[in-house]
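Here's the letter readout for the chains.
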There are 2 protein chains.
Amino acid sequence: VERLSCGAEDAVTPPDPRLENVTIAPLTEPLAPGASLQAGVYRIAPGGRMARHPATVRQLLVVVDGSGWVSGRDGREEPIGAGEAVVWEPGEEHETRSAEGLTAVIVQSDAIVPFGG
Amino acid sequence: VERLSCGAEDAVTPPDPRLENVTIAPLTEPLAPGASLQAGVYRIAPGGRMARHPATVRQLLVVVDGSGWVSGRDGREEPIGAGEAVVWEPGEEHETRSAEGLTAVIVQSDAIVPFGG
């Protein structure tokens with residue numbers, strides 16, 4: 001058994017201008033040749049966003065705390081909160097933002113087959 | 001964008017005697033030929049456990065609420081709480097239990113490469 005820490009105090013602020021007031025606590029190594037799956041805990045501070053960009057591979061976002069809005073290809077925002085999740089297709093433009101703050105576990109992998117899909 | 005629900009009210013109680021007072025809200029289809037990744041939200045009620053069994057593939061357990069104890073191959077229990085995660089190797093015997101209740105996002109895939117590992 002290998003242990004990992006992914007609390008707020010373990011998170012980093014990536015130098016990515018699309019991430020506004022977002023920290024990431026990585027759980028896996030990043031997507032790269034030989035690493036086809038990426039997982040991490042993403043925390044959006046109140047008023048923050050992961051601004052519109054295309055998904056690299058299929059992406060599962062599971063909201064575990066807080067709430068916000070998500071949009072996909074059509075840009076239409078829908079509310080999302082703890083106990084809800086979304087899947088974006090490879091290449092799909094998407095955005096997530098939050099007014100009150102939001103914590104999500106994100107898994108990126110083309111091996112994701114959404115439940116019931 | 002595809003939406004999924006994974007709240008406590010969306011969870012099912014699997015007919016698996018190793019799961020004592022555990023519910024699962026599946027996020028993906030189960031592991032199977034053609035489905036190499038499985039993800040879901042697992043909730044252990046107070047006093048419940050996912051009793052000792054071998055991991056099918058590599059397994060990442062991310063505690064998002066509550067606390068409990070985890071053990072791996074050597075059977076030695078260690079406390080775990082929100083903001084902590086563990087990775088078990090394929091075939092590794094492991095157990096998770098909780099006195100106060102625990103919610104975890106579990107991802108199973110041999111493509112998991114633990115961060116910093």
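Given the structure is predicted, the values throughout are model-derived calculations rather than measurements.

Cut-offs used in this document
- Residues numbered from 1 in each chain as written.
- Chains lettered and ligands numbered in written order.
- Predicted model: local features only at pLDDT ≥ 70, side-chain atom pairs only at ≥ 80, totals over all residues.
- Heavy atoms only, no water.
- Helix = DSSP H or I, 4+ residues; strand = E, 2+ residues; numbered from the N terminus.
- pLDDT = per-residue confidence, 0-100.
- Contact = heavy atoms within 4.5 Å.
- Buried area = accessible area lost by both parts, 1.4 Å probe.
- Salt bridge = Lys/Arg side-chain N within 4 Å of Asp/Glu carboxyl O.
- Polar contact = N/O pair within 3.5 Å; in protein donor to acceptor, adjacent residues only side chain to side chain.
- Nonpolar A, V, L, I, M, F, W, Y, C, P; charged D, E, K, R; others polar.
- Pairing = 2+ DSSP bridges.
- Least-squares fit on C-alpha atoms with pLDDT ≥ 70 in both.

In this section: unusual backbone geometry. For A:Asn21, which is not glycine, the phi torsion reads 60° and is therefore positive. Mapped onto the elements, A:Asn21 comes out in strand 2 (residues 19-26).

Here we take up the confidence of the model for chain A. Residues of chain A with pLDDT of at least 70 account for 99%, and the chain-wide mean is 97. Both confidence scores are given for the complex: pTM 0.97, ipTM 0.97.

Counting from both sides, the interface comprises 41 residues of chain B and, opposite them, 41 residues of chain A. Counting each side, the surface lost to burial between chain B and chain A is near 3,500 Å², with a carbon and sulfur contribution of 62%. Contact with chain A buries surface across chain B, with B:Val1, B:Arg3 and B:Phe115 losing the most and accounting together for 21% of the total. Counting every contact that joins chain B to chain A gives four salt bridges. As a salt-bridge pair, B:Arg3 and A:Glu84 come within 3.6 Å of each other at their nearest N and O atoms. The tally of links from chain B across to chain A stands at 20 residue pairs in polar contact (both at pLDDT 80 or more). For the side of chain B that touches chain A, the element with the most residues is strand 6 (residues 84-88) of chain B, which contributes five residues. For the side of chain B that touches chain A, a count of residues per class yields 25 nonpolar, nine polar and seven charged. In this sheet, strand 6 of chain B lies alongside strand 1 (residues 2-5) of chain A in antiparallel orientation, the contact comprising four bridges.

Here the focus is the relation of the copies chain B and chain A. Overlay of chain B on chain A (RMSD 0.0 Å): rotation 180°, translation along the axis 0.0 Å. The transformation relating the two chain copies, once decomposed into turn and shift, fits a two-fold axis. Considering only C-alpha atoms, the part of chain B nearest the rotation axis is B:Val64, at 3.3 Å. When the interface residues of chain B are mapped onto chain A, 100% of them are again interface residues, pointing to one common binding face.

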